Amino acid sequence: MELIIQRTIAFVKATLANAEAGHDWFHIERVYNNAKRINTVEKGDELIVSLAALLHDIADAKFNNGDEEIGPKIAGDFLKSLNLENEIIEHVQQIIRNLSFKASLGTITFQSKELDVVQDADRLDAIGAIGIARAFTYGGYKNRVLYDPEIKPNLNMTKEEYKNTQAPTINHFYEKLLLLKDLMKTAEGKSIANQRHEFMLSYLEQFYTEI
């Protein structure tokens, strides 16, 4: 297993060498570490959790013209090169397909303990101090305004509306980030999320004070 993980890490680092800063290797590493921490309690399949955490953003749809199958395909092709069992490969691909917040706005057709672990791990990196930094990094990457009081958050977006939104970055807190605490599925994920959620609320209070 150790060699498989080492080869996967090398592949991910090389593939994401020029990635947007909020979805780069360091994001992957944080999610991987979060997933391992959560899985010490949840006891999911260690190899599947590790591979899915490492490969979950290997080709994020939002950087690939909305193609939601490119990530699972690239991950699957790589895992096949490691001669892993089809059952493992397909499980990892299903986790990648169903991991994102955007996916949760559509129809979920797959569930597993390993998905819960990696999903919580990924969501933890979207909240708290790092989550705030990532939100503004991506907003800058997309040239979005920080805040516009005339544009109110859309709290009932469809999956397509979420994919195509150009709203100010502050709106993203209400449309996604502040919702994640209550979407956590594991006990450890919930515990960590509570503190990070409170930090975001404090940040927003300071933001509006300065505004």
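Above this text you will find the structure in question.
Below is a short write-up of the structure.

So, how was this worked out
Residues numbered from 1 in each chain as written. Predicted model: local features only at pLDDT ≥ 70, side-chain atom pairs only at ≥ 80, totals over all residues. Heavy atoms only, no water. Salt bridge = Lys/Arg side-chain N within 4 Å of Asp/Glu carboxyl O. Buried < 20%, exposed > 50% of the residue type's maximum accessible area, 1.4 Å probe, protein only. Helix = DSSP H or I, 4+ residues; strand = E, 2+ residues; numbered from the N terminus. Expected span 1.5 Å × (residues − 1). Polar contact = N/O pair within 3.5 Å; in protein donor to acceptor, adjacent residues only side chain to side chain.

### Side note on the pattern of salt bridges
All chains considered together, the criterion is met by 7 salt bridges. Its salt-bridge partner being Asp125, residue Arg134 comes within 3.7 Å of it at the nearest N-O pair. You'll find Arg134 and Asp125 in the same group, each marked buried. Notably, a salt bridge pairs Lys181 with Asp182, separated by 3.0 Å at the nearest N-O pair. Overall, the relative accessible area of 21% leaves Lys181 in the partly exposed class.

### Some points on helix H2 (residues 25–42)
An ideal rise of 1.5 Å per residue puts 26 Å on 18 residues; H2 measures up with 25 Å between its terminal C-alpha atoms. Within the span of H2, buried status applies to Trp25, His27, Ile28, Val31, Tyr32, Asn34, Ala35, Ile38 and Asn39. For H2, the N-terminal cap is Asp24; the gap from its side-chain oxygen to the backbone nitrogen of Phe26 is 3.2 Å.

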